[in-house]
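Architecture and fold: a report
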Protein chains: 2
Amino acid sequence: MKNCIVAQSGGPTVAINASLAGVIKGVTDSGCFDTIYGSVNGILGILDNHILNLTETIHSPELLEQLIHTPAMYLGSCRFKLPNYRDDDSSYSFIFKQFERMNIGAFFYIGGNDSMDTVLKLSEYGAQIGSPVRIIGIPKTIDNDLMVTDHTPGFGSAAKYIASSILEIAHDTFIYAVKSVTIVEIMGRDAGWLTAASALARNEYNSAPHLIYLPETSFDKDEFLSDVRELLKKQDNVIVAVSEGIHDSTGNYVSCGESIADTFGHSQLSGVGKAMEYLIKDNINVKVRSVEVNVLQRCAAHMASATDLAEAFASGQKAVSLAEEEITAAMVTMKRTSNQPYTIEYDYAKINGIANEAKSVPREWINERGNDVLQPLIDYLYPLIQGEPEIQYKNGLPSYLDVSHLITKKW
Amino acid sequence: MKNCIVAQSGGPTVAINASLAGVIKGVTDSGCFDTIYGSVNGILGILDNHILNLTETIHSPELLEQLIHTPAMYLGSCRFKLPNYRDDDSSYSFIFKQFERMNIGAFFYIGGNDSMDTVLKLSEYGAQIGSPVRIIGIPKTIDNDLMVTDHTPGFGSAAKYIASSILEIAHDTFIYAVKSVTIVEIMGRDAGWLTAASALARNEYNSAPHLIYLPETSFDKDEFLSDVRELLKKQDNVIVAVSEGIHDSTGNYVSCGESIADTFGHSQLSGVGKAMEYLIKDNINVKVRSVEVNVLQRCAAHMASATDLAEAFASGQKAVSLAEEEITAAMVTMKRTSNQPYTIEYDYAKINGIANEAKSVPREWINERGNDVLQPLIDYLYPLIQGEPEIQYKNGLPSYLDVSHLITKKW
């Protein structure tokens, strides 16, 4: 019987280890592969021969359960982009030799857009050399910007964290009897899904966030100042949720931070919250604070959505069953079959329509002025944050799986 | 029978409403006062006649329970400093006239150092005019810097949030196979208690934070760079926990942000994390990120310490029993009678030894080089973060008490 290998890549999420657990459970239940290997630091682990034997390390149901609830990548990650194999196929031939050496029947890659680029390239190269290795992508991203799938594992938990943080920040903000504006900066370079989730914080007493800005529309600073002024006539506290990636009508980022390109050619953003804080300070005489929701929006496993973890786990299992059915060059997808009650089906899509594309928030789900989201978007988001997983605590802190294999490693 | 009035002041904590609930429970159980009034926005509510009837609004055990778990101030807060009554006693005479008008027998003020200044001044003025109103302070602050009491309600929950955040940030950081430094900036202007709590994140696999800087010692940037360089020889990822208030040997804040004085003459700090990030960038060729743990460290009620909430509640009850015993000009205190098992006793101290003093971390609980904390400090902190309260969720988010009386209010 053949073995299989799994790796994780891109930015962390709270649910990416649940997908890894799903792969392990899928293989164990079906018995379709012998040993489950884990490549450490994404595809780099295969290139550098840094491989764990997951069949041995995750050997009990208790460890599997703990893996589901552990944030970020148990196997580590990478931001490595394979070259075009037509220009240089040396990494490719090495990877497929490694597959052969380890008697690999399937490679599962859990990641976002850039990881799906790797799935696409390995699939194409594998087809070209006639490799029998099945190459399957399992989606994850807090950005929710992968094509074809209704939504992406990892997003629901980040959305729940954002919504609950906005609610807690609202409680924090309402206490002072002074006029104030609070800007909350949320991750999301090109897609505003996560920032839109801030709207879920609204309830019978809380109408915050009062303004929401996504990268799908152009930001006009005069309109923004005018909207804030209008709100301050009616209420003491204005809370603004803003995506890090908003830009003006000419496409320039509003961020006042540095803008440098990363390995994948993305701009690294920082500081849109600060930029808007200064904008208010310069124009309106009011207390202003900007809050950059930090990396916890992608790693606060104690605030995970039970729905999200269950879907991430099922996506991992689905990937195994796809490999069993001899499907390759594909990514697991979710299709929403009903919204009330919320039901989804797991399916797959060919990888060549997914990689290097990004799914934006539809313009018709954003109000005309571009400062709020509309009900269909809230209806879409609502089921994804439901349910609270039972978190185990030890010594007063969440009990996560030992990741010392990532810490002690030297490159 | 007389009535009583309670107010909350200063910065938010996760436990300050538990103390309010304790006052309500204490009065209800003892029957020592008739109506419980709540002054909205601290002492300002008495001055501006903005008073709630808490006996009516918190009328059921369910509402009392929800109040315990609601972050920030149910009654709102203020940053108002009473003038010296020898210079101007107009506010004082108005406040005591209000007390008389409402037939008040006791005033409970839940707050930190500045609120205890108000308790002290009102106590002195009350004694001078021969007022029978008991004035009792109930401590709260995430800074843990109040004198006489072993620790302060609100601190344990913030400490638990900081420790779990550092652990989650560590998981987030360990995933990339690149050398990196992560700076985590934590609240605490003059006292390093909360930053010290980051050490509780250490466990069998995690040694982060690797460096901890408190305002109780002087920060030397050359020693810091040298320590980071040494660590990077042994490990890939260095995580640094730093208090916003650290300063160099001449007393200058390391922060690169603006430094302006607030109403109480405190310097408003921002940006020590950024300052240290730039310091590393300019001197060491390594990936650097700074994370400012935002206001959630004081309002993330979903991560409260059950021990902290229970103690905050008991402190509120104790305040009522002090008033019953005709004690005034006092603050509730906690005395640790044993560390293993952890036990405390509730007592009180005269307010004049507490107000306008601040308790620092003892120098002997910090290592000689000033870049880590020692075991006695960890032993002191450990019991305070234990236990997880049962949080009620509604529609996927923590279910907090309606605070629309704070939102709709117009000043």
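Since this is a predicted model, take the numbers as computed values, not measurements. (Residues numbered from 1 in each chain as written. Chains lettered and ligands numbered in written order. Predicted model: local features only at pLDDT ≥ 70, side-chain atom pairs only at ≥ 80, totals over all residues. Heavy atoms only, no water.)

1. Here we look at the relation of the copies chain A and chain B
As a reminder, the rule being used: The copies are overlaid by a least-squares fit using only the C-alpha atoms of residues whose pLDDT is at least 70 in both copies.
Structural alignment of chain A on chain B gives an RMSD of 0.0 Å, achieved by rotating through 180° and translating 0.0 Å along the axis. Here the symmetry operator amounts to a two-fold rotation axis.

2. Quick word on the pattern of salt bridges
Heads up, the rule is: By definition, a salt bridge exists where a carboxyl oxygen of Asp or Glu is found within 4 Å of a side-chain nitrogen of Lys or Arg. Here a helix means four or more residues in a row that DSSP labels H or I, a strand means two or more in a row labelled E, and each is numbered from the N terminus. Residue burial is assigned from relative accessible area. The probe radius is 1.4 Å, only protein chains are included, and a residue is buried under 20% of its type maximum, exposed over 50%, and partly exposed in between.
For the coordinates displayed, the defined rule picks out 28 salt bridges over all chains. The salt bridge partner of A:Glu277 is A:Lys281, with a shortest N-O separation of 2.8 Å. Within this pair, A:Glu277 and its partner A:Lys281 are both found in helix 10 (residues 272-283), separated by four residues, close to a single helical turn. B:Lys233 is the partner of B:Glu230 in a salt bridge, and the nearest nitrogen-oxygen pair spans 2.8 Å. Taken as a pair, B:Glu230 and B:Lys233 lie in helix 9 (residues 221-234) at a separation of three residues, close to a single helical turn. On the accessibility criterion, B:Lys233 (61% relative accessible area) is exposed.

3. Observations concerning the sheet that holds strand 8 (residues 237-243) of chain B
Residues and elements named next belong to chain B. This is how it is decided: Pairing between two strands is assigned when DSSP locates at least 2 bridges connecting them. Each axis is a line fitted through C-alpha atoms, and for a helix only the stretch in contact is used; angles between axes span 0 to 180 degrees, taken between their N-to-C directions.
The strand order across the open sheet formed by four strands is 7-8-6-11, and the pairing between neighbours is parallel. Where the open sheet ends on each side, the last strands, each with one partner, are strand 7 (211-213) and strand 11 (287-292). Looking at each pair of strands side by side, their axes are set apart by 15° on average, direction ignored. Pairing analysis gives seven bridges linking strand 6 (residues 180-186) to strand 8, with the strands arranged parallel. Following the sheet pairing, Val-181 is matched in strand 8 by Val-238.

4. Some thoughts on the packing of aromatic side chains
Aromatic rings considered in pairs are described by the distance between their centres and by the relative angle of their planes. Residue and element names in this part refer to chain A. What counts here: Stacked, tilted and edge-to-face pairs are distinguished by plane angle, under 30 degrees for stacked and over 60 for edge-to-face with tilted covering the rest, among Phe, Tyr and Trp rings (Trp via its six-membered ring) whose centres lie within 6.5 Å. A ring is scored as having a charge over it whenever the NZ atom of a lysine or the CZ atom of an arginine sits within 6 Å of its centre and within 35 degrees of its normal.
Going through the model one piece at a time under the given rule, you end up with 28 aromatic pairs over all chains. Each ring, one from Tyr-85 and one from Tyr-125, has its centre 5.8 Å from the other, and the planes form 70°; the classification is edge-to-face. One end of the pair, Tyr-85, is in the loop between helix 4 (61-68) and helix 5 (90-101); the other, Tyr-125, is in helix 6 (residues 113-129), and 40 residues separate them in sequence. Both residues of the pair, Tyr-85 and Tyr-125, belong to the buried class. Note on Phe-107 and Tyr-109: the rings are 5.2 Å apart at their centroids and 35° apart in plane angle, and the pair reads as tilted. One aromatic cluster is present, formed by Tyr-85, Tyr-92, Phe-96, Phe-99, Phe-107, Tyr-109 and Tyr-125 through successive ring pairs. Between the NZ or CZ atom of Lys-359 and the centre of the ring of Trp-193, over which it lies, the distance is 5.4 Å.

No statement about biological role is implied by the geometric values presented.
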